[in-house]
Amino acid sequence: MNLIEVEKRENLSSDEFKREYLKPLKPVILKDMSKDWKANKKWSFDFFEKKYGDLIVPIFNPESYFNSGKNYMKSNFKIPFREYLELIQKKPTNLRIHIFQLIKEAPELAHDFETPTIMSSFLKKFPALFFGGKGATLRLHYDLDCSHVFLTHFQTKKEVILFSYEQKEFLYHLPYTVQAEVDIKNPDYVKYPALKNAKGYYALLNHGETLFIPRRYWHCVHYTEEGFSLSVRSNDSILFGIRGLLNIIRHFALDKGFNHLLGEKWLAWKTKKANEKANKAIADLN
Ligand SMILES: O=C(O)CCC(=O)C(=O)O
Ligand SMILES: [Fe+2]
């Protein structure tokens, strides 16, 4: 596996962004996109605890999230937001809050950040928050809806490893999903030999930095410290809007349906297919 660092840029014009990153679908870290946002100074664990601590939030455990069976891709339990925030500040934990649409419940928070102007077609209804404890990892996936994502991190640092969509065979893409089984942080080249050929990017996000994740880019997110991020999404293509919709239908109707019917057997079949495609991709290289 070969990873290069994602470029960090400042004062990038919309034209430069479109030419250098959007058109070629190349990730970039925008160091200053959030510099005038109120959220930058205002949002903190303390702030959320005081203002929204009573909200009940679904908690995800990455270790069991993808287990086949009736809890496949479901949250594990619900607790008050305050309890979760206290927990992640107290000790390392892999528990996460995923696609938290807090702004729907607290619309006043929308005044604390701005929709980026660097491109158009933002989905204004879908800003989402993500929280993770120190050590939490969200495994390699790409986003179902095929949007471009701007992910702004707050408070601490966070690592993201990215690959273009086309690397999917080397990453052991599980068919009928947008997931890959490999542990990119600790690659096992004996079990996943094709992974050696993957070429991707590494990003270390600091407080206030925004990562541009081009549509369908694979990404694995690792919380080196407890922290949180805001994502805003843009879909500038009708074609990919339709593909996104098809992915969502496939996810709920096929993948979840077959998981319900077949459980472990469905996962074993997907893994087998992923292995076959990876072996073919290695053979095609030679
Ligand atoms: O930051 C995270 O915890 C996950 C982010 C992510 O996967 C996304 O924004 O699509
Ligand atoms: Fe994602």
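For the structure itself, consult the block above.
Enquirer: An account of the sheet that holds strand β10 (residues 158–163) is requested, with residue identities and associated values reported.
Expert: Read from one edge of the open sheet, five strands run β1-β11-β10-β13-β8, paired in mixed fashion. Of all the strands in the sheet, just β1 (2–5) and β8 (137–141) have a single pairing partner and so form its edges. Direction aside, neighbouring strands of the sheet carry axes that sit 20 degrees apart on average. In this sheet, strand β13 (residues 218–222) lies alongside β10 in antiparallel orientation, the contact comprising five bridges. In the sheet register, I161 faces β13, and the bridge partner there is C220.

Enquirer: Tell me about the environment of S44, and name the residues and values.
Expert: Looking at the secondary structure, you find S44 in the loop between α2 (39–42) and α3 (45–52). It is 23 Å that separates the C-alpha atoms of S44 and K124, two residues lying 80 residues apart in sequence.

Enquirer: How would you summarise the site of ligand 1 if you had to cite specific residues and measurements?
Expert: Taken together, the neighbourhood of ligand 1 is formed by F130, G132, L138, D143, V149, L151, H219, V221, S229 and S231. Put simply, the parts of the chain that give the shell around ligand 1 at least two residues each are β7 (128–132), β9 (148–154), β13 and β14 (227–234). The residue inventory of the shell around ligand 1, partitioned by class, reads five nonpolar, four polar and one charged.

Enquirer: Could you give an account of the pairing of strand β11 (residues 199–205), naming the residues involved and the relevant values?
Expert: For β1 and β11, the ladder comprises four bridges, and the chain directions are parallel. The partner of L3 across the bridge, within β11, is G200.

About the thresholds
- Residues numbered from 1 in each chain as written.
- Chains lettered and ligands numbered in written order.
- Predicted model: local features only at pLDDT ≥ 70, side-chain atom pairs only at ≥ 80, totals over all residues.
- Pairing = 2+ DSSP bridges.
- Helix = DSSP H or I, 4+ residues; strand = E, 2+ residues; numbered from the N terminus.
- Axes fitted to C-alpha atoms, helices over the stretch in contact; angles between N-to-C directions.
- Near = placed C-beta within 6 Å.
- Nonpolar A, V, L, I, M, F, W, Y, C, P; charged D, E, K, R; others polar.

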